[in-house]
Amino acid sequence: MTNPSRIPFYVAVLLLIGAGISLAIWRHMELGIPWLAGEQRPVWMVEARIDFDSNNGPVLASLNVPEQPPGFSIISEQAASPGYGFSIVGKNGNRRAEWTKRDVVGPQTLYFKAQFVPSDRDRPDLSARKPRAHDVFWEEPQATAVREILDQARERSSTPESMTREVIRLMRPDGANQNTALLASDGDNISLLVKMLNHAGIPARTADGLRLEDARRRQQLMPFLQIYNGSRWLTFDPKTGEQGLPDNLLLWREGSASLLDVVGGDNSRVSFSMLRQTVPALQLATMQSKSNSLGYLGFYELPIEEQSMFRLLLLLPLGAFVVAFMRMLIGIRTSGTFMPVLIAVAFVQTALIPGLVAFVAIVAIGLLMRGYLSSLNLLLVSRISALIILVIFITAGLSVFGYQMGFNTGMTVTFFPMVIIAWTIERMSILWEEEGVREVLIQGTGSLFVAVCAYLLMSIPLSGHLTFNFPELHLVILGLILLMGQYTGYKLTELRRFSPMKVYD
Amino acid sequence: MGWISPRALNRLGMLNMNRRNVDYIARYNERASYPLVDNKLKTKLVVAEYGVKTPRLLQVVREQHEISHFREMAEDLAGFAIKPAKGSGGKGITVITGRDGDEYIKGSGVRVNAGYLERHLTNILAGLYSLAGTPDVAIVENLVQSEPTLARYSHQGVPDIRIVVFRGYPVMAMLRVATTASDGKANLHQGAIGVGLDLGSGRGLNAVQFNRPTLLHPDTGLALENIQISDWELMLEMAARCYEATGLGYMGVDLVVDANEGPLLLELNARPGLAIQMANGQGLLPRLKTIEKLKRPHFTPQERAEFAMATFAARA
Ligand SMILES: Nc1ncnc2c1ncn2[C@@H]1O[C@H](COP(=O)(O)OP(=O)(O)O)[C@@H](O)[C@H]1O
Ligand SMILES: [Mg+2]
């Protein structure tokens, strides 16, 4: 029986579920929060080592460090160099690590370490202005040679990219071209390429890249050519003319700034070593969200103590879901609608078996005591109050007893919701008097069964992970609970309860 | 016992718990009317305005200090019943059927003194028997003396007749009689017998105990199918009239037949149970749908009762 008035309801529920799931997927993609708890991500730890001989005086060493290398994001940076003042200065294409010290004697070694994660996020353009090709003056006979090569290349190309490829191809030192031989005689091929391209009106510059291979030491940077195609910088291999960055290539330096300057030292060199590490993806996501401050990561902003409370709170909807499922679809009777959820939460803290034993013990002792209380003919409120106090006594007694017997779990029994237990005992004992032991056992085991199911669901590490890191998934749970509220079919237990009807069928 | 397939249940038109809650109770019963039926005192007062008789109210105990008046009032009464106004499922009901000097004799034959009854009243006031433990009031009402032809069938206690009324139309009825197993209480799940009644005639159709069909009363050995309720049309009309009194579209009306006063309303229930279907060996859904499909509902309780008698009579 479908009622037209329910269609908006279903649409709303679907929207709710859709919103929850898509928000979770979006946050997974955008912030890199992993779906699974134990997921690991590769991280490159790169160490730059600077060596120089000091001139026995003050020293300023400054190393160009990456800011937003394409294909990677930086998750941590640190310098290790005893006695040196250290800071990272500058932005927008020239970010430098600077070491300073007043009196320096002898050979020196400085270290700079950074961790990089591969990321496919687009980097924003850092430069405020569009780069322009700068003018270059050539003397004869180079001027003619350059003009000829550029004319040749321009003829066979249509875009800045193809022009660059052509120039690189023509400048390849294979001796076939006289002009090339003339120009390349001074050796530094890459700065020549930069000059020529700028001359041709294409903004060009050099960049230094580092090939990332696990556990390599003393690596040097490799030069790359970059041109600006009107909207962004493109990288070319200056030897092969191949466009784009190879995998695992980290651009350490881009632009015209020098890689290393040492004032007050000679013989300065920089070399790199690297290591492939793995870190939990979740840790990575939190680190990244902190560093770029736009990635709001929910509860990680809270103090640890609040966090662990929220962890527990956020598990509650799962328990409510289990109760709704068990009651509406299966048809298990429990004493008190949500008592099982609270018990399950207590189990999460005490662990299952000790929790079960303690709970059954407390309720059983409580029922005995309540038997005595009922013979006193007290008013209800004072009886419940007395029961609460008794429950606290029993719990305290069990804790001390457990502790002396060497069970640490005795202590955590205090997580049981005392008031709820007192009410449970009261209800059970009335049930006992009026409906008999059978009903008490049915409802008692029903409640415990539901509590254990809820506990099992809540104690899966994945549930804790998902509920805490993707709180929006609770919208999905909410939607499912709302949907269950619309279920008008038979409960599982009804198929048994109504089974005598078979004779009338 | 085994299992029954959902398809078979659908064929029988069995109403289930979820559907009762969503499609009938939630849709046809207004929340605002609940207090009328959840409070037996209010029920008594409101149905009286619509000409539905209930056991005569002897005293209402609202405060602890009023309990002392109870002793004076009960002094020369032979039989009465003490009930929590907001109780349910028979909880907190004490039926006194006779006196022996200073002592009161309960329906079960146990003798108690006035102090016991006063403590019982105290418990009721404190809310021991009310839902959620809220404070309550106690009602003292006249003892219902069951009509002898019906009383024969019951082990102790008063047999009561449950009629499910949907939008003012009686749709199904059953008689509940206590047994030794049910300890004199007319609660089906405690072992009372439910006898499905033919709406057309008020005759017994089919009986169940513990959900299983039975033919004879286990204590008295009487054949249950021969039961015939007297004043049947009047009872259906009383049940139909409760719709006007409460406005509840889907409810259970509990009636008893008193030897002196005839049919009396005992209580109303906004969430009537499903066991009536098993006592009748029929599902409620087809009947409920018949009523839902009615283009022009009847206006008077009498018309509705007649319609139900004609439409839902057992086909011989
Ligand atoms: N006035 C009365 N006289 C005799 N028995 C009564 C009286 N009132 C209630 N009872 C007995 O108590 C049972 C339960 O009463 P009822 O009013 O239906 O309360 P509940 O809501 O608890 O079911 C009835 O089935 C009947 O056997
Ligand atoms: Mg009743």
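Residues numbered from 1 in each chain as written. Chains lettered and ligands numbered in written order. Predicted model: local features only at pLDDT ≥ 70, side-chain atom pairs only at ≥ 80, totals over all residues. Heavy atoms only, no water.

Caption draft 1: Highlighting the overall build of chain A. Along its length, chain A carries 17 helices and 13 strands. Taken across its 505 residues, chain A has 45% of its residues classed as buried. Nonlocal contacts in chain A, meaning residues at least 24 apart in sequence, comprise 77% of its contacts between residues at least 6 apart. When the accessible surface of chain A is split by element, carbon and sulfur atoms take 60% of a total near 25900 Å². (Helix = DSSP H or I, 4+ residues; strand = E, 2+ residues; numbered from the N terminus. Buried < 20%, exposed > 50% of the residue type's maximum accessible area, 1.4 Å probe, protein only. Contact = heavy atoms within 4.5 Å. Areas by Shrake-Rupley, 256 points an atom, 1.4 Å probe, with all protein chains shown as cover.)

Caption draft 2: The arrangement of the sheet that holds strand S4 (residues 85–89) of chain A in detail. Residues and elements named next belong to chain A. Strand order in the open sheet formed by 4 strands is S4-S5-S2-S12, and the pairing between neighbours is antiparallel. Looking at strand neighbours, the two that pair on one side only are S4 and strand S12 (260–263), the edges of this open sheet. Looking at each pair of strands side by side, their axes are set apart by 15° on average, direction ignored. Direction of pairing for S4 relative to strand S5 (residues 96–104): antiparallel, over a ladder of 5 bridges. Opposite phenylalanine 86, over in S5, you have tryptophan 99 as the bridge partner. (Pairing = 2+ DSSP bridges. Axes fitted to C-alpha atoms, helices over the stretch in contact; angles between N-to-C directions.)

Caption draft 3: Just the site of ligand 1, in detail. All names here are of chain B. With respect to spatial proximity, 18 residues lie near ligand 1, and among them Lys40, Lys83, Gly90, Val144 and Glu267 are the closest. At 2.9 Å from an oxygen atom of ligand 1 is found a side-chain nitrogen or oxygen belonging to lysine 83. Residue glutamate 141 places a side-chain N or O atom 2.9 Å away from a nitrogen atom belonging to ligand 1. Contributing elements (two or more residues each) for the shell around ligand 1: strand S2 (80–84), strand S6 (138–142) and strand S13 (262–269). Tallied by class, the residues present in the shell around ligand 1 amount to 7 nonpolar, 5 polar and 6 charged. Taken together, domain 1 (13–53 + 147–311) and domain 2 (57–142) each give at least three residues to the shell around ligand 1, which thus spans both. (Near = heavy atom within 4 Å. Polar contact = N/O pair within 3.5 Å; in protein donor to acceptor, adjacent residues only side chain to side chain. Nonpolar A, V, L, I, M, F, W, Y, C, P; charged D, E, K, R; others polar. Domains from an automatic or database assignment.)

Caption draft 4: Seen up close, the nonpolar core. Ile161, Ile163, Leu175, Ile229, Trp232, Tyr250 and Val253 of chain B are the most contacted members of the largest nonpolar core, which totals 73 residues. Setting aside its immediate chain neighbours within four residues, isoleucine 163 of chain B contacts Pro170, Met172, Ala173, Trp232, Met235, Leu236, Ala239, Met251, Gly252, Val253 and Leu255 of chain B. Grouped together as the second largest cluster of nonpolar side chains are 40 residues, Ile362, Phe416, Val440 and Ile477 of chain A included. (Core = buried A, V, L, I, M, F, W, Y, C linked by side-chain atoms within 4.5 Å.)

Caption draft 5: Representation of the packing of helix H10 (residues 352–375) of chain A against helix H14 (residues 437–459) of chain A within the structure. Residue and element names in this part refer to chain A. Their axes nearest at 12 Å, the elements H10 and H14 cross at an angle of 155°. Here H10 lies roughly antiparallel to H14, going by the angle between them. Crossing of H10 over H14 shows right-handed handedness. Between H10 and H14, the residues in contact are Leu352, Leu356, Phe359 and Val360 and Leu448, Val452 and Tyr455, respectively. (Parallel < 35°, antiparallel > 145°, perpendicular 65-115°, else oblique. Left-handed = near helix turned anticlockwise from the far one by under 90°.)

Caption draft 6: Region of interest: the domain arrangement of chain B. Residues and elements named next belong to chain B. Split into domains, chain B comes out as domain 1 (13–53 + 147–311) and domain 2 (57–142). At the junction of the two partners, domain 1 supplies 9 residues and domain 2 supplies 15 residues. Of the roughly 960 Å² buried where domain 1 meets domain 2, counting both sides, 53% is carbon and sulfur surface. Per-residue buried area on domain 1 facing domain 2 is highest for Lys40, Leu41 and Lys44; these three make up 53% of the total on that side. The partner of lysine 44 in a salt bridge is glutamate 141, with the nearest N and O atoms 2.7 Å apart. The interface formed by domain 1 and domain 2 contains 3 residue pairs in polar contact (both at pLDDT 80 or more). Top contributing element to the side of domain 1 that touches domain 2 by residue count: helix H4 (residues 40–49), with 3 residues. (Buried area = accessible area lost by both parts, 1.4 Å probe. Salt bridge = Lys/Arg side-chain N within 4 Å of Asp/Glu carboxyl O.)

Caption draft 7: Looking closely at helix H13 (residues 418–435) of chain A. Residues and elements named next belong to chain A. Look at H13: 25 Å from first C-alpha to last across 18 residues, which is about the 26 Å you get at 1.5 Å a residue. Every buried residue of H13 is listed here: Met418, Ile421, Ala422, Thr424, Ile425, Glu426, Met428, Ser429, Ile430, Leu431 and Glu434. Among the structural elements, helix H9 (339–350), H10, helix H11 (380–404) and H14 are those in contact with the buried residues of H13. Phi turns positive, to about 95°, at glycine 436, one or two residues after H13. (Expected span 1.5 Å × (residues − 1).)

Caption draft 8: Representation of the interface of chain B and chain A in the model. Every contact between the two is made by 43 residues of chain B and, on the other side, 32 residues of chain A. Linking chain B to chain A there are 0 salt bridges. Linking chain B with chain A are 10 residue pairs in polar contact (both at pLDDT 80 or more). Elements represented by at least two residues in the side of chain B that touches chain A include exactly helix H1 (6–12), helix H2 (17–28), helix H6 (114–126), strand S10 (204–209) and helix H9 (275–280) of chain B.

Caption draft 9: Just the confidence of the model for chain A, in detail. Across chain A, pLDDT averages 81, with 89% of residues at or above 70. Across chain A, helix H16 (residues 473–484) of chain A holds the top mean pLDDT of 94, while helix H12 (residues 409–412) of chain A sits lowest at 56. (pLDDT = per-residue confidence, 0-100.)

Caption draft 10: Structural view of the pairing of S2 of chain B. All names here are of chain B. For S2, the tally of buried residues reaches 5 of 5 residues, placing the bulk of the element in the interior. Of the two faces of S2, the one holding Phe80, Ile82 and Pro84 and the one holding Ala81 and Lys83 are both buried throughout. Sheet topology places S2 next to S6; 5 bridges connect them, and they run antiparallel. Paired with proline 84 across the strands is alanine 138, a residue of S6. Strand direction decides the pairing type here: S2 and strand S3 (residues 94–100), joined by 3 bridges, are antiparallel. Of the residues in S3, the one forming a bridge with alanine 81 is valine 95.

Caption draft 11: Representation of the sheet that holds strand S8 (residues 169–177) of chain B within the structure. Residue and element names in this part refer to chain B. Read from one edge of the open sheet, 7 strands run S11-S10-S9-S8-S7-S12-S13, paired in antiparallel fashion. In this open sheet, the two edge strands, each paired with only one partner strand, are strand S11 (212–214) and S13. With direction set aside, neighbouring strand axes in the sheet form an average angle of 30°. Sheet topology places S10 next to S11; 3 bridges connect them, and they run antiparallel. Across the sheet, residue valine 208 finds its bridge partner in S11, namely proline 213. Relative to strand S12 (residues 250–258), H2 is tilted by about 80°, and along the sheet it contacts strand S7 (160–166) and S12.

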